[in-house]
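# Chains, contacts and geometry: an overview
Spelled out, the chains give:
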Amino acid sequence: MDGAADMEEKVLRDAGLRVTRQRTAVLEALRERTEALSAQDLYMEFRAHGDPIGLSTVYRALESLEEAGLLDVIEREGQQAYRFCSTSHHHHLICTTCNEVEELEAGLVEEWVAKVSAAHDFEVTGHRADIYGLCQRCRG
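Residues numbered from 1 in each chain as written. Predicted model: local features only at pLDDT ≥ 70, side-chain atom pairs only at ≥ 80, totals over all residues. Heavy atoms only, no water.

### What about the overall build of the protein chain?
Selection rule: Working definition: helices are DSSP H or I runs of at least four residues, strands are E runs of at least two. Numbering for both runs from the N terminus. A simple rule labels every residue: compare its accessible area, found with a 1.4 Å probe on the protein chains alone, to the largest value its type can have, and call it buried under 20%, exposed over 50%, or partly exposed in between. Residue contacts follow a heavy-atom distance rule, with two residues in contact if any of their heavy atoms lie within 4.5 Å. For the accessible areas, the method is Shrake-Rupley and the probe is 1.4 Å, while residue cover comes only from the protein chains on display. Under the counting rule used here, the positive set is Lys and Arg, the negative set is Asp and Glu, and His together with the chain ends is not counted. Charge coordinates come from a single atom per side chain, which is NZ of Lys, CZ of Arg, CG of Asp or CD of Glu.
Across its full length, the protein chain holds 6 helices and 6 strands. Written out in order from the N terminus, the α and β elements of the protein chain read α-α-β-α-α-β-β-β-β-α-β-α. Across its three principal directions, the C-alpha atoms of the protein chain cover 55 × 40 × 25 Å. Looking at the protein chain residue by residue over its 140 residues, the buried ones come to 39%. Pairs at least 24 residues apart make up 48% of the contacts formed inside the protein chain by residues separated by at least 6 positions. Summed over all atoms, the accessible surface of the protein chain reaches about 8700 Å², with 51% contributed by carbon and sulfur. A distance of 5 Å separates the average location of the 15 positive side-chain charges in the protein chain from that of its 26 negative side-chain charges.

Have a look at this one:
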């Protein structure tokens, strides 16, 4: 087994997930990507490389990886797209043309949430901030 596969197995075990070939393949496909991919994107990529993972299996693997906190879910054109995420609290800049996702440290957004909630006497129990637009390369 190569180093990348060993690393994926460790990530899965540390997250409390059973190591399967399908979960390992999905995690490996997403780990080094900066763009968010849909289940259909991953399925088509696997098929193009001759991997017989079925679409429903891809969905199940993505769901278990998301529930374990290993993936971010990004809304993209009415469907969910996934990307490997950092473990720290963060937000996203999402390019609507190329689907690149950049993680933002939470600090500035947290300040804004605190100000808005205080101004409205609102107790925040959670939030999500995804900012959509065009990256520098796509504006180019």
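From this point, the narrative continues.
### Side note on helix H3 (residues 39-48)
Operational definition: Relevant arc is that of directions from the helix axis to the C-beta atoms, nothing else.
Of all the residues in H3, the buried ones are Ala39, Leu42, Tyr43 and Phe46. Projected down its long axis, H3 carries its buried residues within an arc of 100°, all on one side. Buried residues along H3 sit against helix H2 (21-31), strand E1 (37-38), helix H4 (55-67) and strand E3 (79-84). Trailing H3 by a residue or two, Gly50 shows a phi angle of about 80°, which is positive.

### Quick word on the sheet that holds E1
To keep it simple, the criterion reads: Here the rule is simple: two strands pair whenever DSSP picks up at least two bridges between them.
The 3 strands are arranged E1-E3-E2 in an open sheet whose pairing can be described as antiparallel. Edge strands, defined here as strands with exactly one partner in the open sheet, are E1 and strand E2 (71-76). In this sheet, E3 lies alongside E2 in antiparallel orientation, the contact comprising 6 bridges. Opposite Leu71, over in E3, you have Phe84 as the bridge partner.

### Looking at the nonpolar core
Where we set the bar: Take the buried Ala, Val, Leu, Ile, Met, Phe, Trp, Tyr and Cys residues and link them wherever side-chain atoms come within 4.5 Å; each set so joined is a nonpolar core.
Core analysis: the biggest nonpolar cluster contains 23 residues, and Val26, Leu30, Leu42, Phe46, Val58, Leu62 and Leu65 have the highest contact counts within it. Among the secondary structure elements, those contributing two or more residues to this core are helix H1 (3-14), H2, H3, H4, E2 and E3. Sequence-distant contacts of Leu42, defined by excluding residues within four places in its chain, comprise Val26, Ala29, Leu30, Leu37, Val58 and Leu62. One finds Ala36, Ile74, Ile94 and Val101 within the second-largest nonpolar core, a separate group that totals 5 residues.

### Some words on the pattern of salt bridges
Let me state the cut-off plainly: Each salt bridge in this description consists of a side-chain nitrogen of Lys or Arg and a carboxyl oxygen of Asp or Glu lying within 4 Å of one another.
Within this structure, the stated rule accounts for 11 salt bridges. Residues Asp51 and Arg21 are paired through a salt bridge, measuring 3.0 Å at the closest nitrogen-oxygen approach. In this pair, Asp51 is assigned in the loop between H3 and H4 and Arg21 in helix H2, connecting sequence segments 30 residues apart. Residue Arg21 is classed as partly exposed on the basis of its relative accessible area, which comes to 46%. The partner of Arg128 in a salt bridge is Asp130, with the nearest N and O atoms 2.9 Å apart. Overlapping salt bridges bring together Arg33, Glu35 and Glu45 as one network.

### Quick notes on the sheet that holds strand E6 (residues 130-133)
The condition that has to hold: For helices, the fitted line uses only the C-alpha atoms of the stretch in contact; every axis is such a line through C-alpha atoms, and the angle between N-to-C directions lies from 0 to 180 degrees.
The mixed open sheet is built from 3 strands, whose spatial order is E5-E4-E6. For this open sheet the edge positions go to strand E5 (101-105) and E6, each flanked by a neighbour on one side alone. Direction aside, neighbouring strands of the sheet carry axes that sit 20° apart on average. Strand direction decides the pairing type here: strand E4 (residues 90-95) and E5, joined by 5 bridges, are antiparallel. Pairing of His90 across the sheet is with Glu105, part of E5.

### Re the packing of H2 against H4
This is how it is decided: Each angle gets one of four labels, with under 35 degrees taken as roughly parallel, over 145 as roughly antiparallel, 65 to 115 as roughly perpendicular, and the rest as oblique. Residues are sorted three ways: Asp, Glu, Lys and Arg are charged, Ala, Val, Leu, Ile, Met, Phe, Trp, Tyr, Cys and Pro are nonpolar, and all the rest, Gly among them, are polar.
One way to put it is that H2 packs onto H4 with a least axis distance of 9 Å and a crossing angle of 75°. One element, H2, and the other, H4, form an angle in the roughly perpendicular class. Contacts between H2 and H4 involve Gln22, Arg23, Val26, Leu27 and Leu30 from the first element and Thr57, Ala61, Leu62, Ser64 and Leu65 from the second. Looking at side-chain class alone, the contact of H2 with H4 contains 6 nonpolar, 3 polar and 1 charged residues.

Everything listed here is a matter of coordinates, which is why it stays silent on function.
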